Amino acid sequence: MTKIIVTGAAGFIGSHIAEALLQQDKEVIGIDEFNDYYDPTLKRKNIAILKAYSNFTLVEGDIQLLDWQTLLQDVEVVYHQAAQAGVRASWGSGFRAYTERNINATQILLEAAKDAKNLQRLVFASTSSVYGDAETLPTHEGIPPRPVSPYGITKLAAERLCGLYHKNFGVPFVSLRYFTVYGPRQRPDMAFHKFFKAVLQDEAIPIYGDGQQTRDFTFVSDAVAANLAAATAPDAVGEIFNIGGGSRVVLTEVLETMAEIVGKPIKTNHIEKAMGDARHTAADVSKARKILQYQPAVSLKEGLTQEWHWIKSLYS
Ligand SMILES: NC(=O)c1ccc[n+]([C@@H]2O[C@H](COP(=O)([O-])OP(=O)(O)OC[C@H]3O[C@@H](n4cnc5c(N)ncnc54)[C@H](O)[C@@H]3O)[C@@H](O)[C@H]2O)c1
């Protein structure tokens, strides 16, 4: 039977992709090293959900140290989600984790992928951070990437490596540039997770800068749908797609929606703007709509409500 690999399967987005595939009765191998960028207990919880399926196998370890030739033998699709995420931690001494986990790990995987006979697709998790402070909003894939964070630089390098291996060895990659993904299991260093946790603990929400920054927020099930489509759409190979939520929202509007959901006013605490954060992001998703039939389906209010329920069950 053919198999599917999800790297970063214990993480936020990877665990959702793996779960969706398991529900379709696919044979899934999840790979994760359970590093401590954030509390690995959360990653163990995600994996426990996947382990409940008999068609799931966990391979625990660093991508850079695995026997990929053997692993890829009967594998048709790899969803490469493993990475060192997060913009702020990518400055300073933390940078090595970014080069290792984003660039080196991807290169190891691509080297093996070029010789993998059964591999039909390698879907790479890229990011809107490659654009930096794009002058064109919404931003389309033809805009030259200009990252404003070391994180964005390493993800762009990895995406470009995928392009090189496609051109030279025919590795069938598809790159999805996610725009701020949220929902249940969201990483604890991400804004909505921090916000809801603060509300639950009756603390003020930390806001970087003036709160007027805008983001294109993508609910995780929409990101999952984009991945599944990227693995099958005939014209997707070798292409890069923006994956956004369909609308651009000001952060202060998000806080108003959150207040409605939690049923009480939200206390905020303004702190200095973080270096490396783009001021605005907005995805032009027309290419994904055309080739992947991508149609974001979950509204911000609906998605935030689901994340709030999850945060409450996690911390109380
Ligand atoms: N969450 C977002 O909003 C967002 C936005 C843009 C892009 N992305 C990208 O999507 C992907 C998933 O992000 P996430 O938010 O789910 O992050 P996450 O940190 O929750 O998941 C990543 C997982 O990869 C694992 N990992 C990292 N390096 C590894 C290695 N060398 N070997 C084995 N496992 C390793 C980690 O232990 C972690 O569980 C990443 O590639 C990230 O860059 C995420």
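Just so it is clear, the model here is predicted, and its values are computed rather than measured. (Residues numbered from 1 in each chain as written. Predicted model: local features only at pLDDT ≥ 70, side-chain atom pairs only at ≥ 80, totals over all residues. Heavy atoms only, no water.)

Draft legend 1. Molecular detail of the environment of Glu239. Structurally, Glu239 can be placed in the loop between α7 (220–230) and β11 (240–243). Judged by its relative accessible area of 27%, Glu239 is partly exposed. Each C-alpha atom of the pair Glu239 and Gly163 lies 8.6 Å from the other, and the pair is 76 residues apart in sequence. Contact partners of Glu239, with chain neighbours within four places excluded, come to Phe173, Val174, Ser175 and Lys287. Among the polar contacts listed, one links the side chain of Glu239 to the side chain of Lys287, at a separation of 2.7 Å. (Helix = DSSP H or I, 4+ residues; strand = E, 2+ residues; numbered from the N terminus. Buried < 20%, exposed > 50% of the residue type's maximum accessible area, 1.4 Å probe, protein only. Contact = heavy atoms within 4.5 Å. Polar contact = N/O pair within 3.5 Å; in protein donor to acceptor, adjacent residues only side chain to side chain.)

Draft legend 2. Structural view of the site of the ligand. The environment of the ligand is formed by 28 residues, the closest being Asp32, Tyr38, Tyr151, Lys155 and Val181. One nitrogen or oxygen atom from the main chain of Ile13 is found 2.8 Å from an oxygen atom belonging to the ligand. At 2.9 Å, a backbone N or O of Gln81 approaches an oxygen atom of the ligand. Burial of the ligand by the protein amounts to 97% of the accessible area it has alone, namely 830 Å². For the shell around the ligand, the leading source of residues is strand β5 (residues 121–127), giving three residues. Partitioning the shell around the ligand into residue classes produces 13 nonpolar, eight polar and seven charged. (Near = heavy atom within 4 Å. Areas by Shrake-Rupley, 256 points an atom, 1.4 Å probe, with all protein chains shown as cover. Nonpolar A, V, L, I, M, F, W, Y, C, P; charged D, E, K, R; others polar.)

Draft legend 3. Focus on the pattern of salt bridges. Tallied over the full model, the rule gives 13 salt bridges. Here Arg44 and Glu60 are joined by a salt bridge, their closest N and O atoms 2.9 Å apart. One end of the pair, Arg44, is in helix α2 (residues 40–51); the other, Glu60, is in strand β3 (residues 56–60), and 16 residues separate them in sequence. The partly exposed category is assigned to Arg44, whose relative accessible area is 38%. Across the pair Asp189 and Arg187 runs a salt bridge whose closest N-O atoms are separated by 2.9 Å. A residue is classified by how much of its surface remains accessible, and Asp189, at 23% relative accessible area, is partly exposed. In the salt-bridge network here, residues are joined through shared partners; they are Glu111, Lys114 and Asp115. (Salt bridge = Lys/Arg side-chain N within 4 Å of Asp/Glu carboxyl O.)

Draft legend 4. Broad picture of the packing of helix α4 (residues 95–113) against helix α5 (residues 150–169). It is at 9 Å that the axes of α4 and α5 come closest, and there the two elements cross at 10°. One element, α4, and the other, α5, form an angle in the roughly parallel class. Residues Phe95, Tyr98, Thr99, Asn102, Ile103, Thr106, Gln107, Leu110 and Glu111 of α4 form the contact with α5, whose own contacting residues are Pro150, Tyr151, Thr154, Lys155, Ala157, Ala158, Leu161, Cys162 and Tyr165. (Axes fitted to C-alpha atoms, helices over the stretch in contact; angles between N-to-C directions. Parallel < 35°, antiparallel > 145°, perpendicular 65-115°, else oblique.)

Draft legend 5. Region of interest: the packing of aromatic side chains. Summed over the entire model, instances satisfying the criterion amount to 10 aromatic pairs. Taking 5.3 Å as the distance between ring centres and 75° as the angle between the ring planes, the aromatic pair formed by Tyr182 and Phe192 counts as edge-to-face. You can see Tyr182 sitting in strand β7 (residues 181–182) and its partner Phe192 sitting in helix α6 (residues 191–200), a full 10 residues away along the chain. Since its relative accessible area comes to 1%, Tyr182 is described here as buried. Ring centres of Tyr182 and Phe217 lie 6.4 Å apart, and the angle between their planes is 85°; this geometry places the pair in the edge-to-face category. Of this pair, Tyr182 sits in strand β7 while Phe217 sits in the loop between β9 (214–216) and β10 (218–219), and the two are 35 residues apart along the sequence. For Phe217, a relative accessible area of 8% gives the class buried. In this structure an aromatic cluster arises from ring pairing among Tyr182, Phe192, Phe195, Phe217 and Phe219. (Phe/Tyr/Trp six-rings, centres within 6.5 Å; stacked < 30°, edge-to-face > 60°.)

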